[in-house]
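Understanding the architecture of this molecule
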Amino acid sequence: AHHNSVLHPPSPPRRVHRVMGASSSSREAQWLQSSTADCCSAASWSLFRGVSLFGRRMRVYMAAYWVRTTYQAAETRALEIEDPVQQAEHWDAVHAEMAHYTCEQVLELEGLWVKLGQFMSTRADVVPDAWVQELKKLQDAMPPRPFTDTRYTVETELNG
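Residues numbered from 1 in each chain as written. Predicted model: local features only at pLDDT ≥ 70, side-chain atom pairs only at ≥ 80, totals over all residues. Heavy atoms only, no water.

Ranked by internal contacts, the top residues of the largest apolar core, which has 19 residues, are Val 67, Tyr 71, Trp 91, Val 94, Met 98 and Trp 131. When residues of this core are traced back to their parent elements, those giving at least two are α4 (52-80), α5 (84-109) and α7 (129-135). (Core = buried A, V, L, I, M, F, W, Y, C linked by side-chain atoms within 4.5 Å. Buried < 20%, exposed > 50% of the residue type's maximum accessible area, 1.4 Å probe, protein only. Helix = DSSP H or I, 4+ residues; strand = E, 2+ residues; numbered from the N terminus.)

Have a look at this one:
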């Protein structure tokens, strides 16, 4: 499900369950499933409502934290997989899930984050293919904004 509000990210615990698998019993996976459920919930994000700059920064930090911890947990899970084909499939799934999550966050954050995502979509030498394919959506995904919005943002930032 796509979430339009900057303050309400998708629920990470559902994503952990899919990426880690239902049978994962590692200590890291258990911690990830229990502790990130609270820090990334819609209720937690509501604390930042009305404080746009702080809320945006926290959104970036929480998204980065979520991607990092998911990759750490995925690394632990990958060590348990002996078959190279299954291990490749595991990483493909992790990359696809994290790329999709990150693209959603970037679309909601807008501005410079979209430009960064657009740049990263051109760097197939740096990021996995799943990331490139997902971030390519940022090339045309942003609707045009009226000049009055741009003017208001510039005036607010320079005068405030």
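So much for the structure itself; the text now carries on.
Let us look at the pattern of salt bridges. Applying the stated criterion across every chain, the model contains five salt bridges. In this structure, the salt-bridge partner of Arg 77 is Glu 80, at a minimum N-O distance of 3.6 Å. You can see Arg 77 and its partner Glu 80 sitting in helix α4, three residues apart, about one turn around the helix. For Glu 80, a relative accessible area of 45% translates into the label partly exposed. Linking Asp 125 and Arg 123 is a salt bridge whose minimum nitrogen-to-oxygen distance equals 2.7 Å. Overall, Asp 125 belongs to the exposed group, its relative accessible area being 62%. Residue classification places Arg 123 among the partly exposed positions, given a relative accessible area of 28%. (Salt bridge = Lys/Arg side-chain N within 4 Å of Asp/Glu carboxyl O.)

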